[in-house]
Amino acid sequence: LPEVRISDNGPYECHVGIYDRATREKVVLASGNIFLNVMAPPTSISVLAADTPAPFSRYQAQNFTLVCVVSGGKPAPLVYFKRDGEPIEATPLPEPPAGAGSWAPRNLLHRDLDDTKVPKSLAAEGEVGGGRPPATADPPRGLAAERGPVTETIPETVVSREFPRWVHVAEPIYYFRHTHAPVSDGTVEARATLTWTLNPQIDNEALFSCEVKHPALSMPMQSEVTLVAPKGPKITMTPTRARVGDTVRILVQGFQNEVFPEPLFTWTRVGSRLLDGSAEHDGKELVLERVPAELNGSMYRCTAQNPLGSTDTHTRLIVFENPNIPRGTEDSNGSLTSHRGFRLVLALTLTVILELT
């Protein structure tokens, strides 16, 4: 077998015998068998954020989950996470029961931090010898249910929009879950999740990597992401010279930095409602259909936010007069007023003046 494949995996037999010319039958004298186990290295690895983009609170700590997906390996690979190049010691979570919904990890561990955001101590708070709380069969309880609030309410005027100022009484511990499922071609797809309570003060610009060890690999495979809050959305408007009656599209095209996880976008009109009467619009694009002249000079705000922070960008809409629409022929509803109606009003006015004289 010069180039074995996954399909070659399985038992093989060798038969040794003679051919009896008299009876014209094969006589097996001996046989042997062996099982060929074909290994295949993983073909792809990726890290993504679970449940994003999704709403979140800038004033309350919340759980965050990274998902590492490894495909194409046989047998199942060993998957683990690192933070800033250092292996993460995580508490294993039990397999979720069939049909279970979302789960939330238990509370936090205290740890000392330096400027590199690498943990120095992983001693469990309130436990002798730094042992970790044992994993239980029940789904872990949420943050608020276990210890009550761990944040301090700060007035709106004090909160930085770039970095929510949460006041933590403890730092997160990590929870790890690893599952794998067979694929029809004989390989497996492995999924590993890392969950912890996000803290923008120490997690912003932290580098997380997922690494894979496999007997068919000479060195580990890895995929990495950096958690970053959005900065400076780049906004484009088409057409660049809008005229009365045009459809204007305002689109977020990018940022001054690489953003992870994917942010949410919210559009508002400064000092008023949007053209359709709504207070805000979600999505990367805002569409203003058949803009009236009254929107000239109106300001629009795009808020981009992820769990690590938020930022605003403003753009102003300039509406030029459309030469195809006669000046002064639009009523308050944007519809055209006929010249016949204008002449009728003028005639009635002259009649009233004549009667008075």
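So, here is what we can say about the structure in this document. (Residues numbered from 1 in each chain as written. Predicted model: local features only at pLDDT ≥ 70, side-chain atom pairs only at ≥ 80, totals over all residues. Heavy atoms only, no water.)

## What to know about the overall build of the protein chain
The helix and strand tally for the protein chain stands at three helices and 20 strands. A burial count over the protein chain gives 36% of its 357 residues as buried. Nonlocal contacts in the protein chain, meaning residues at least 24 apart in sequence, comprise 66% of its contacts between residues at least 6 apart. Accessible surface, the protein chain as shown: approximately 21,400 Å² in total, 54% of it carbon and sulfur. (Helix = DSSP H or I, 4+ residues; strand = E, 2+ residues; numbered from the N terminus. Buried < 20%, exposed > 50% of the residue type's maximum accessible area, 1.4 Å probe, protein only. Contact = heavy atoms within 4.5 Å. Areas by Shrake-Rupley, 256 points an atom, 1.4 Å probe, with all protein chains shown as cover.)

## Things to note about the nonpolar core
Counting 27 residues, the largest nonpolar core has Leu-66, Cys-68, Val-79, Phe-81, Trp-196, Phe-208 and Leu-227 as its most contacted members. For this core, the elements supplying multiple residues, two or more each, are β3 (44-49), β4 (63-73), β5 (78-83), β8 (174-182), β9 (188-197), β10 (207-213) and β11 (221-226). Setting aside anything within four residues of it in sequence, one finds Phe-208 in contact with Leu-66, Lys-82, Arg-83, Ile-88, Tyr-174, Leu-194, Trp-196, Ser-223, Glu-224, Val-225 and Leu-227. Of all hydrophobic cores here, the second largest spans 19 residues; its members include Phe-255, Phe-265, Leu-286 and Leu-295. (Core = buried A, V, L, I, M, F, W, Y, C linked by side-chain atoms within 4.5 Å.)

## Details of the packing of aromatic side chains
Per the stated rule, a full pass over the model turns up six aromatic pairs. Relative to Phe-208, the ring of Trp-196 has its centre 4.8 Å away and its plane inclined at 20 degrees; by these criteria the two rings are stacked. One end of the pair, Trp-196, is in strand β9; the other, Phe-208, is in strand β10, with twelve residues separating them in the sequence. Note on Trp-196: relative accessible area 0%, which makes it buried. Look at Phe-255 and Phe-265: their rings are 5.9 Å apart centre to centre, the planes differ by 25 degrees, and that puts the pair in the stacked class. With Phe-255 in the loop between β14 (248-254) and β15 (264-269) and Phe-265 in strand β15, this residue pair connects regions lying ten residues apart in the sequence. (Phe/Tyr/Trp six-rings, centres within 6.5 Å; stacked < 30°, edge-to-face > 60°.)

## Let's talk about the sheet that holds strand β6 (residues 86-87)
Read from one edge to the other, the open sheet built from four strands follows the order β6-β5-β10-β11, with strand pairing classed as antiparallel. The open sheet terminates on both sides in strands that have one partner only, identified here as β6 and β11. Of the pairings in the sheet, the one linking β5 to β10 comprises six bridges and is antiparallel in character. Paired with Tyr-80 across the strands is Glu-211, a residue of β10. (Pairing = 2+ DSSP bridges.)

## A short note on the side chain of Lys-74
Relative to the assigned elements, Lys-74 resides in the loop between β4 and β5. Within the structure, the side chain of Lys-74 is placed 3.1 Å from the side chain of Asn-9, a separation counted as a polar contact. Filtering out sequence-adjacent residues up to four positions away, Lys-74 remains in contact with Ile-6, Asn-9, Asn-37, Val-38, Met-39, Ala-40, Gly-186, Thr-187 and His-214. (Polar contact = N/O pair within 3.5 Å; in protein donor to acceptor, adjacent residues only side chain to side chain.)

## Some points on the pattern of salt bridges
According to the stated counting rule, one finds five salt bridges in the structure shown. Note that Lys-82 and Glu-211 form a salt bridge whose closest N and O atoms lie 3.4 Å from each other. A residue pair is termed long-range when its members are at least 10 positions apart, and Lys-82 in strand β5 and Glu-211 in strand β10 qualify at 129 residues. Judged by relative accessible area, Lys-82 falls into the buried class, the value being 18%. Look at Glu-211 and you get buried, because its relative accessible area is 9%. Here Asp-203 makes a salt bridge to Arg-83, at a shortest N to O gap of 2.7 Å. (Salt bridge = Lys/Arg side-chain N within 4 Å of Asp/Glu carboxyl O.)

## Observations regarding the side chain of Thr-187
The residue Thr-187 is located in the loop between β8 and β9 in this model. Within polar-contact distance, the side chain of Thr-187 engages the side chain of Asp-185 at 2.6 Å. With residues up to four places along the chain from it excluded, the contact list for Thr-187 reads Ile-6, Gly-72, Gly-73, Lys-74, Ala-181 and Pro-182.

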